[in-house]
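# Coordinate analysis (summary)
Spelled out, the chains give:
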Amino acid sequence: MALQAASLLPSAISIHKEGKSNASLKETSLFGVSASDYLKAEISPLLIGNKEFRRKLPVGPIIAQTATTPAISQAPPEAKKTLRKGNVIITGASSGLGLATAKALAETGKWHVIMACRNFLKAERATKSAGISKENYTIMHLDLASLESVRQFVDNFQRSGRPLDVLVCNAAVYLPIAKEPTFTAEGFELSVGTNHLGHFLLSRLLLEGLKQSDYPSKRLIIVGSITGNTNTLAGNVPPKANLGDLRGLVGGLNVLNSSPMIDGGEFDGAKAYKDSKVCNMLTMQEFHRRFHEETGITFASLYPGCIATTGLFREHIPLFRLLFPPFQKYITKGYVSEEEAGKRLAQVVSDPSLTKSGVYWSWNNNSASFENQLSKEASDAEKARRLWEISEKLVGLA
Ligand SMILES: NC(=O)c1ccc[n+]([C@@H]2O[C@H](COP(=O)([O-])OP(=O)(O)OC[C@H]3O[C@@H](n4cnc5c(N)ncnc54)[C@H](OP(=O)(O)O)[C@@H]3O)[C@@H](O)[C@H]2O)c1
């Protein structure tokens, strides 16, 4: 079925019938742009929701847990000890997953959401259209593509005197058809600079505040992605995530001293995004190893599903943006709405059954959560340690 579905995009994509992971892309042109340039990284998540196709996938074993549905559960019994609302910072809450999560949490009346956004007006409009009540949110300026802005945000948040109970590192940029790299304020390639380094500094600076929280369950969540995991079909579609020996990162991800890519290779916007997601998942595990026991903080990552309608795909050509949602919705049935994905992330924020630390959460077709398995590279402890140490230097913490 999914294979038939793929054929509905004639000459754009061909997937090997055996369901092998090396999906190939024929060169073709849509609106004058090479299809493989913009479709190669995205099409396989479309197929993941299809049962027949999934049966054939060469994915590693998945550790199924007792399934839990993504209702935003009642607070655990211990929560009754505290009368105050939980405070959660969500980066990139002005659209997509971040906004849907903010809405889901705010609606419970048990959470105050600090929406950490780079565009105040956009965020304010988004809260209005989502119907989030004023008493349930605060918008604070944060541009993750500037370390100075990250420091300023942390300073402003700390001055507010508000306790911090959960931090959600959600914001991301994805530049799949960029031909040339663009850079953050400090000169790091934009995808890794924003999605990884900005969040790395933010979470390091906010860790102390999280530690001090008296909330029943304090959590630090970094949103991951299937596309960074090479133990999945999606993760095997070129360009694959690969941090190599981190030589580009050591050089500062700029074009002066090094390559803009972590592995030292040629710039590729789709790969840079996938690499940044591997960094997100490695960072979560390194946090867990270094701080879980000492602090009691739950560190978690997740793949919320393929949310075809979000702004993440805004840099794609119009035809992709037009075809992507209906293809997934009606053909592969792998579509996850923003609302559903928001409930999933809200579950990782607040559900008392998801307190296990160091876990990468995913959901099955019945929207039940399970502990998923990360790829070899995304669970490489030695790489995570090196990534941590190099990142510390780049953001000025070491
Ligand atoms: N969509 C999917 O299928 C999918 C699948 C797997 C994982 N994810 C992950 O889900 C997360 C959210 O993505 P999304 O799909 O919801 O995309 P989205 O709608 O584009 O949301 C991304 C958010 O990040 C913000 N952002 C970008 N650059 C920023 C910066 N420099 N500083 C502060 N905020 C910045 C954006 O702000 P503006 O509104 O100002 O642009 C926006 O609010 C990402 O981590 C992504 O990797 C998404």
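Attention in this report is confined to the structure presented alongside it. If you're wondering where the values come from, they're calculated on a predicted model, not measured in any experiment. (Residues numbered from 1 in each chain as written. Predicted model: local features only at pLDDT ≥ 70, side-chain atom pairs only at ≥ 80, totals over all residues.)

## Looking at the pairing of strand β10 (residues 359-363)
- For β10, the tally of buried residues reaches five of five residues, placing the bulk of the element in the interior.
- Every second residue of β10 is oriented toward a common face, with Val359, Trp361 and Trp363 on one face and Tyr360 and Ser362 on the other, all of them buried.
- Pairing geometry for β10 and strand β11 (residues 369-371), over three bridges, is antiparallel. Bridging across to β11, Trp363 finds its partner in Ser369.
- Counting the residues between successive antiparallel strands, the hairpin from β10 to β11 contains five residues, one of them, Ser367, with a positive phi of roughly 60°. (Buried ≥ 20, exposed ≤ 12 C-beta atoms within 10 Å, placed from the backbone. Helix = DSSP H or I, 4+ residues; strand = E, 2+ residues; numbered from the N terminus. Pairing = 2+ DSSP bridges.)

## As for the site of the ligand
- Taken together, 29 residues form the shell around the ligand, and within it Gly92, Gly96, Ala171, Thr310 and Gly311 come nearest.
- Residues belonging to the shell around the ligand are distributed by class as follows: 14 nonpolar, 12 polar and three charged. (Near = placed C-beta within 6 Å. Nonpolar A, V, L, I, M, F, W, Y, C, P; charged D, E, K, R; others polar.)

## Details of helix α10 (residues 269-295)
- Helix length check: α10 (27 residues) gives 37 Å between terminal C-alpha atoms against 39 Å at 1.5 Å per residue, within 8%.
- Most pronounced at Arg289, the bend in α10 amounts to some 40°.
- Within α10, 20 of the 27 residues are buried, which leaves it mostly tucked inside the rest of the structure.
- In the segment just after α10, Gly296 is the residue with positive phi, at about 80°. (Expected span 1.5 Å × (residues − 1). Bend = angle between axes of the 7 residues up to and from the residue.)

## Brief notes about unusual backbone geometry
- Residue Pro238 is joined to Pro239 through a cis peptide bond whose omega torsion reads -5°.
- Tracing the sequence through the fold places Pro239 in the loop between β8 (219-223) and α9 (247-250).
- Phi is positive for Leu253, close to 55°, though the residue is something other than glycine.
- Along the chain, the position of Leu253 falls in the loop between α9 and α10.
- Backbone geometry at Ser367 places phi at a positive 60°, although glycine is not the residue there.

## A word on the environment of Phe188
- Residue position: Phe188 is located in the loop between β7 (166-169) and α8 (190-212).
- Taking C-alpha positions, Phe188 is 9.1 Å from Val255, a pair spaced 67 residues apart along the chain.
- Every residue in contact with Phe188, bar those within four places of it in the chain, is listed here: Phe183, Gly193, Leu197, Gly252, Leu253, Asn254 and Leu394. (Contact = placed C-beta atoms within 7 Å.)

## Observations concerning the nonpolar core
- Among the nonpolar cores identified, the biggest contains 104 residues, and Val88, Ala102, Val113, Met115 and Val168 are the most heavily contacted of them.
- Residue contributions to this core peak at nine residues, all from α10. (Core = buried A, V, L, I, M, F, W, Y, C linked by C-beta atoms within 7 Å.)

## What about the environment of Gly193?
- Mapped onto the fold, Gly193 is located in helix α8.
- Here the alpha-carbon distance between Gly193 and Phe183, two residues 10 residues apart in the chain, equals 7.6 Å.
- In this structure Gly193 touches Ala145, Phe183, Thr184, Phe188, Gly198 and Leu253, once residues within four positions along its chain are discounted.

Distances and angles like these do not, on their own, reveal function.
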